[in-house]
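# An overview of the molecular structure
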Amino acid sequence: MEHKIERVVVEKTGDELIQKMLGDILLGLKAKMVQPVMNGNAKIASRLEELEAGNQVRIAEILERLETLEGEVQKLPLVILTAIRDAINQAGGGNQDEN
């Protein structure tokens, strides 16, 4: 009976030792392999957020410039017609506007 109790104690101690070793291995894996990847991912995510913010600013600037350009393009036919009218008036072939 004493051998049986001793054997159970040894097995229990062995199981605890194995559990502790497995725990240590897992902690080591986390510290050496998982945590660096997680840190790298956090850096990448932060950089992506910075790039996205910069892109949003650039997009806003481009949209503003496009609106300005659109306004100028819409004025272009009027400018061309005014130039043609003025050229005709200077050549003396058209009616003089009082503008």
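All of the points below concern the structure found in this document. (Residues numbered from 1 in each chain as written. Predicted model: local features only at pLDDT ≥ 70, side-chain atom pairs only at ≥ 80, totals over all residues. Heavy atoms only, no water.)

## Details of the pattern of salt bridges
Within the structure shown, the criterion is met by four salt bridges. For Lys75, the salt bridge identified is with Glu72, shortest N-O distance 3.7 Å. Residue Lys75 and its partner Glu72 are both found in helix H1 (residues 2-91); the two are separated by three residues, about one turn of the helix. Note on Glu72: relative accessible area 46%, which makes it partly exposed. (Salt bridge = Lys/Arg side-chain N within 4 Å of Asp/Glu carboxyl O. Helix = DSSP H or I, 4+ residues; strand = E, 2+ residues; numbered from the N terminus. Buried < 20%, exposed > 50% of the residue type's maximum accessible area, 1.4 Å probe, protein only.)

## With respect to a nonpolar patch on the surface
Together, Ile18, Leu22, Ile25, Leu26, Leu29, Met33, Val34 and Met38 make up an exposed nonpolar region whose accessible area comes to about 770 Å². Turning to its location among the elements, Leu26 is positioned in helix H1. For Leu26, a relative accessible area of 57% gives the class exposed. (Patch = residues over 30% accessible without salt bridge, like charges linked within 9 Å, V, L, I, M, F, W, Y side chains within 5 Å. Areas by Shrake-Rupley, 256 points an atom, 1.4 Å probe, with all protein chains shown as cover.)

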